[in-house]
Amino acid sequence: MDGQNDDALLPGSNYHCYSEKFAFRSDSDEDSADGGANFSFDDASSNHQKAPRIFDRFYNSSSSDDDEEDATSSSNYQRRLDYMLQFLDRKLSTSSSNNQPLPEFTGSGGGIGVFKPPIRGPVHPNRPVSLEIRPHPLGETQVGRFLRNVVCVSDGNGPQLWAGSECGLRVWDLKNDIYGGIVEGEEDGTVRFRESAQVAAAALCVVGDGGNRLVWSGHKDGRIMCWKMLDFSNGRGNGDSGNEFQELLSWQAHRGPVLSMVVSSYGDLWCGSEGGAIKIWPWEAIEKSLALTTGERHMASLSVERSYIDLRSQNSIYSNIFTSDVKYMLSDHSVAKVWTAGYQSFALWDARTRELLKVFNIDGQIENLSLDSLAEDEMRMKYVSSNSKEKTQNSFNFFQRSRNVILGAADAVRRAAVKGAFGDDSRRVEALVATSDGMIWIGCSNGSLLQWDGNGTRLQDIQHHSFAVHSLCTVGARIWVGYTSGTVQVLDLNGDLLGQWVAHNSPVIDLAVGAGYVFTLANHGGIRGWSITSPGPLDNMFRAELAGKEFLYTRLENLKILAGTWNVGQERAAPDSFISWLGSAAADVDIIVVGLQEVEMGAGFLAMSAAKETMGLEGSSAGQWWLDMIGKTLDEGSTFSSVGSRQLAGLLISVWVRNNIRAHVGDVDVAAVPCGLGRTIGNKGAVGLRMRVYGRVMCFVNCHFAAHLGAVNRRNADFDYVYRTMIFSRPSNNLNVVAAGVSSAVQMLRTNTMGINNVEGTPEISEADMVVFLGDFNYRLDGISYDEARDFVSQRCFDWLRERDQLRAEMEAGHVFQGMREAVIKFPPTYKFERNQPGLAGYDSGEKKRVPAWCDRILYRDSRSTSASTCSLDFPVVASILQYEACMDVTDSDHKPVRCILSVEVARVDETVRRQEFGEIIKSNDKIKRLLKELTKVPEAFVSTNNIILQNQDTSILRISNKSKKDRALYEIVCEGLSTIEDGQASEHRPRGSFGFPMWLEVSPAAGIIEADQIAEISIRADEYQTLEEFVDGVPQNFWCEDSRDKEVVLLVKVQGRCTVDPKCHRIRVRYSITGKLTPMIRKDDNTPAPVQSNMLHRSDFHQLSGSCDFVDHLINLDSP
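Residues numbered from 1 in each chain as written. Predicted model: local features only at pLDDT ≥ 70, side-chain atom pairs only at ≥ 80, totals over all residues. Heavy atoms only, no water.

Asker: Help me understand the overall build of the chain in this model?
Answerer: Looking only at helices and strands, one finds 20 helices and 55 strands in the chain. Buried residues in the chain amount to 59% of all 1121 residues. In the chain, of all internal contacts separated by at least 6 residues, the share reaching a separation of at least 24 is 69%. About 43600 Å² of surface is accessible on the chain, with carbon and sulfur atoms providing 49% of the total. (Helix = DSSP H or I, 4+ residues; strand = E, 2+ residues; numbered from the N terminus. Buried < 20%, exposed > 50% of the residue type's maximum accessible area, 1.4 Å probe, protein only. Contact = heavy atoms within 4.5 Å. Areas by Shrake-Rupley, 256 points an atom, 1.4 Å probe, with all protein chains shown as cover.)

Dropping the structure here:
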């Protein structure tokens, strides 16, 4: 369960009480700080929602003068004021409601172990504060729309968060909307977003290109789509008319799905598909297609589609060895290599030459040791075939194909042997990431993390968690790991654990970094942002500040729940019985829960039901009749809607919700636990239904326990078995299993759609905020005869009868229903009656004369720790019983139906207000701002030159010096722009894909770490020549067309610290002179000599890095020789 409901996953306590929450810390009490830190948290967007303050003395900032912002701010002000007044009213007034709750009896043993209510609070005590970008959406609203991946892309104007879904793409403006941007309606609380036009197939992978303001998405139908980054400077982003935006171009890349995609260090687009298929789209072809006018756009898709390079067809050695699906791709920018991976094998490629360097398995063993001999054989056979007749050539082709088949079969046998020996399924590759020190980390389905160097040598294997790894990312000197358990871990570059917490109660399927946050995407579609400084000293400060403002973002909702139970004894009830039991009480309730027992029985039916359960089938015609009749009684469709049901043999549970709150109810999961005949037959047992209501988990369990007077221990054991073993799953028609490209490890957890991944040994029921047990529990009256019981019932002396109640005695002893509550019973025993006999005279008068008993009961447990607790984020669900009665006038069965009306208060978080308060804390708290500035500090560094000239395959050494005495500096070098020299002047510098290098330039290592007070040396080398090679349908064209013009690139050296958001940057111009003509530096516009500037230094000089990081916009201001 997301939101605040996963607080129970880690133990901890919340030390804030209401009296303390009024004691705000005034920012004026802190020492003043210098200026703002260079950190995106402090980046106040022009559209940031600044609500007027309720108490001005609590805040330092003022509201905006923008008209549209004022309107939104006024709305936010009203919301906060309403919440505050609601809070004060609850704290200062006493209840004057006409519906006073009934007295209750509470069972013992509820405050310990698995029977303890889950810990909740305004903030989680054992994890950092998160920023809710997209709160956990209801699963029913996401069918066909689930988000599958996220990526952050920045073009210098502000980061954007892109998410690929099953029907298109979404974009969030992280610069302007991250602390504001309200979405009303279906996704209330989500940061404002833009959505693309609907696409035909799910997006399985998404990559960004900030240099050209492009985003690429690969889809299940084999297509690749290109999208333009949105321009949010006008408030809502550019694009087509309306809210939806369209792709720039798309083309058919593969026959099968596009499983993986990456932009290499040289700007080419690589993508992988099934069967080891890999294609490359050179940047030149993409750039050419994007340059076409709107009228020529129809030609662009065809042009780029035919420009691919097919690595599989060009490399027979690779095609013989690598036959698994290319699920993952990774660009190692440090040494300009590309990793492609299946579930158990890898291929390493040179990003520049596109040559295959190595194929190896997950153990680091080379897949085929005779690569050289195979290559020699292939060359020899090609030579022979070129001199043979056509018949001989055909024969050779036959033998070559036969050889390939034999080699492939032998390789398959070897793989099968390895799989049997090493347990292949438990070590499937699930994620890859390249770190700043040049290492590659791989996450596996058994929870292990493998470290490799850039050449594909396995270095170490570590494991910090038993669940499968599903996502990896790196920021600065840290590695973030997302697991299918919902846990996130932060490691250092050595693999040592720095911290961990439960980020979601659902698998973390993807990670992205941007705007000072690491964003986690959960399998249910929720997105949270975590500060890149976490875990760290800021976490406790954020927790304390945000918890102190709880009353500003707490919203209270009121519900009434009608719970009804009836053992129908295999009979069908009259319409009047439905009205008497449910219809007469449904007028003022919001949720109706119905539990039936003995809908249908008999040995044949029970055996058939057990067989159907093994095949995942359930239900019967009798059960459907009852559902239809209840629906008619409740005016289903017009007034109520059915949200789910579950049948196990004769047990049936169903839930209806009033239409006006239907949008707030979802994530319906069901479960069944048989308890009869060796825990396999459903004549006894339980069925359950769990759902989220206003973000809180409510669980309803319909039970039928062992019969007979002396079977008390069996009934206790039945309850304990049901409580501990009930596992919920979504009905098959609602399962999110259609989302392709999702890890098998996630699919194994997909059945638990609520997302409650329990601590080992913790029952799922115990994680719910509210639990209601109802049914025929079969507890009887002890030590009393039939006649005595009839006398006490006729005199309505229920107090004495309650003392004989087995269930009450067992609850008092803490043996069953520990910690649960029941209203004091003031109605006659509901068992056993003669059918169609009205009144109390209908009790069993047959030969057995069974003693009347309260077999049919309804009990509940909310989130209170004590009876005096009031509803708050610490105790988010508080219930009381308004009615508890039996319908004695219903005579269709030997049991009387029982109903209970509960008044329920639910406290939930208004994520929009909470997000704004979080932003205000970051902006206004001087102590936090100072600490942020310190944590995100960039070490002082210098470069050895800012101009390099290369001739005749020259190699130049660039030196970067880290002047810090204690901090390591992380550097990365990219190509900001490329131009050719014509008439002594450099044309406009244009970036390649993702700031990739041109093919004639080698920079090594292009990324790395510089230790404190050390110097890094980077080799910058020019190639011998450059061809203008083009490909059509995978075949190279104009093979020897050489480009002999002089060229110039602008390299951008980016240096950052361990938790830096905005790096410090310096530009270096590299001229490659093929003609040997060296021209003086002149401005292109007026051809006049450029003035001497501070960055025009000799190679032996040092120049301090500037703080500017304008990637593209200022290229036109660069001086060019």
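Asker: What is the right way to read the side chain of Glu 132 from this model?
Answerer: Position of Glu 132 relative to the elements: it lies in strand β2 (residues 130-134). At 2.6 Å, the side chain of Glu 132 forms a polar contact with the side chain of Arg 528. Other than its neighbours up to four places away in sequence, Glu 132 contacts Gly 189, Val 191, Ile 527, Arg 528, Glu 911 and Arg 915. (Polar contact = N/O pair within 3.5 Å; in protein donor to acceptor, adjacent residues only side chain to side chain.)

Asker: I keep staring at the sheet that holds strand β31 (residues 554-567) and nothing clicks. Help me out?
Answerer: What links the strands of a sheet is backbone hydrogen bonding, and the strands pair in either a parallel or an antiparallel sense. The strand order β33-β34-β32-β31-β42-β41 describes an open sheet built from six strands, whose pairing is mixed. Since the sheet does not close on itself, it has two edges, and those belong to β33 (640-648) and β41 (877-886), each with one partner. With strand direction ignored, the average angle separating the axes of adjacent strands in the sheet is 15°. Across 12 bridges, β31 lies against strand β42 (residues 898-909) in antiparallel orientation. Bridge assignment links Leu 559 to a residue of β42, and that residue is Val 904. (Pairing = 2+ DSSP bridges. Axes fitted to C-alpha atoms, helices over the stretch in contact; angles between N-to-C directions.)

Asker: What am I meant to see in the confidence of the model for the chain here?
Answerer: Regions with low pLDDT carry predicted coordinates that are not meant to be interpreted in detail. Of the residues in the chain, 76% have a pLDDT of 70 or more, and the chain-wide mean is 81. With pLDDT under 50 throughout, residues 369-396 is counted as low confidence; its partners more than four residues away or in other chains account for 13 contacts. (pLDDT = per-residue confidence, 0-100.)

Asker: Please explain the sheet that holds strand β9 (residues 223-228) as it appears in this structure.
Answerer: Taken together, the four strands give an open sheet; going across it, the order is β7-β8-β9-β11, and neighbouring strands pair in antiparallel fashion. Across the chains shown, the open sheet's two edge strands, defined by having one partner strand only, are β7 (203-209) and β11 (249-252). Strand-to-strand, the axes of this sheet are offset by a mean angle of 15°, without reference to chain direction. Pairing between strand β8 (residues 214-219) and β9: five bridges, direction antiparallel. Its bridge partner being in β9, Gly 218 is matched across the sheet by Ile 224.

Asker: What is the right way to look at the pattern of salt bridges in this model?
Answerer: Oppositely charged side chains can pair when the atoms bearing their charge come close. The full count for this structure, using the stated rule, is 40 salt bridges. Between Asp 862 and Arg 864 there is a salt bridge; the shortest N-O distance is 2.7 Å. Just as Asp 862 is buried, Arg 864 falls in that class too. Residues joined by salt bridges that share partners form a network here, namely Asp 268, Glu 284, Arg 354 and Arg 992. (Salt bridge = Lys/Arg side-chain N within 4 Å of Asp/Glu carboxyl O.)

Asker: Even after reading the chapter, I still don't get the packing of helix α9 (residues 538-547) against helix α20 (residues 926-935), so can you show me in this structure?
Answerer: Angle between the axes and distance between the axes: these two values describe a pair of packed helices. Here α9 crosses α20 at 155°, and the two axes come no closer than 11 Å. In terms of their interaxial angle, α9 and α20 are classed as roughly antiparallel. Handedness of the crossing formed by α9 with α20: left-handed. Together, Leu 538, Met 541, Phe 542 and Glu 545 of α9 and Lys 927, Ile 928, Leu 931, Leu 932 and Leu 935 of α20 make up the contact between the two elements. Grouping the constituent residues of the contact of α9 with α20 by class yields seven nonpolar, no polar and two charged. (Parallel < 35°, antiparallel > 145°, perpendicular 65-115°, else oblique. Left-handed = near helix turned anticlockwise from the far one by under 90°. Nonpolar A, V, L, I, M, F, W, Y, C, P; charged D, E, K, R; others polar.)

Asker: Hey, could you run me through the nonpolar core in this one?
Answerer: Core analysis: the largest hydrophobic core is formed by 54 residues, its most contacted members being Ile 591, Met 691, Met 698 and Val 904. Those residues in contact with Val 904, other than ones at most four positions away along the chain, are Glu 557, Asn 558, Leu 559, Ile 561, Met 698, Met 770, Val 877, Val 878 and Ala 879. Ranked by size, the runner-up nonpolar core spans 45 residues in total, among them Leu 311, Ala 969, Trp 1000 and Leu 1001. (Core = buried A, V, L, I, M, F, W, Y, C linked by side-chain atoms within 4.5 Å.)

Asker: Mind showing me how you'd approach unusual backbone geometry here?
Answerer: With an omega dihedral of 0°, the bond running from Tyr 831 to Lys 832 counts as a cis peptide bond. Note on placement: Lys 832 falls in the loop between β39 (821-823) and β40 (856-861). The omega torsion across Ser 1004 and Pro 1005 is -10°, close enough to zero to call that bond cis. Position of Pro 1005 among the secondary structure elements: in the loop between β48 (1001-1004) and β49 (1007-1010). One non-glycine residue, Asp 635, lies in positive phi territory at about 55°. Secondary-structure assignment places Asp 635 in the loop between α13 (621-633) and β33. What makes Asp 635 partly exposed here is its relative accessible area of 37%. A positive phi angle, near 45°, is found at Phe 817, a position not held by glycine. Take Phe 817: it is sitting in the loop between α18 (806-812) and β39.

Asker: Can you walk me through the packing of aromatic side chains in this structure?
Answerer: Per the stated rule, a full pass over the model turns up 38 aromatic pairs. Here the aromatic rings of Tyr 179 and Phe 918 are separated by 6.5 Å at their centres, their planes lie at 55°, and the arrangement is tilted. You can see Tyr 179 sitting in the loop between β5 (169-173) and β6 (193-196) and its partner Phe 918 sitting in helix α19 (residues 911-924), a full 739 residues away along the chain. With a relative accessible area of 4%, Tyr 179 lands in the buried category. In this structure an aromatic cluster arises from ring pairing among Phe 115, Phe 705, Phe 719, Tyr 723, Phe 773, Phe 777 and Phe 817. The residue whose ring lies beneath Lys 896 is Phe 833, and the NZ or CZ to ring-centre distance is 4.5 Å. If you follow Arg 914 out to its NZ or CZ, it ends over the ring of Tyr 553, 5.7 Å from the centre. (Phe/Tyr/Trp six-rings, centres within 6.5 Å; stacked < 30°, edge-to-face > 60°. Lys NZ or Arg CZ within 6 Å of the ring centre and 35° of its normal.)

Asker: Is there a simple way to think about the packing of α9 against α19 in this case?
Answerer: Contact geometry for α9 and α19: axes closest at 10 Å, N-to-C directions at 125°. Classified by the interaxial angle, the pair formed by α9 and α19 is oblique. Every pair of crossing elements has a handedness; the one defined by α9 and α19 is right-handed. Here Phe 542, Glu 545 and Leu 546 of α9 come into contact with α19, specifically with Arg 914, Glu 917, Phe 918, Ile 921 and Ile 922. Considering only residue class, the contact of α9 with α19 consists of five nonpolar, no polar and three charged.

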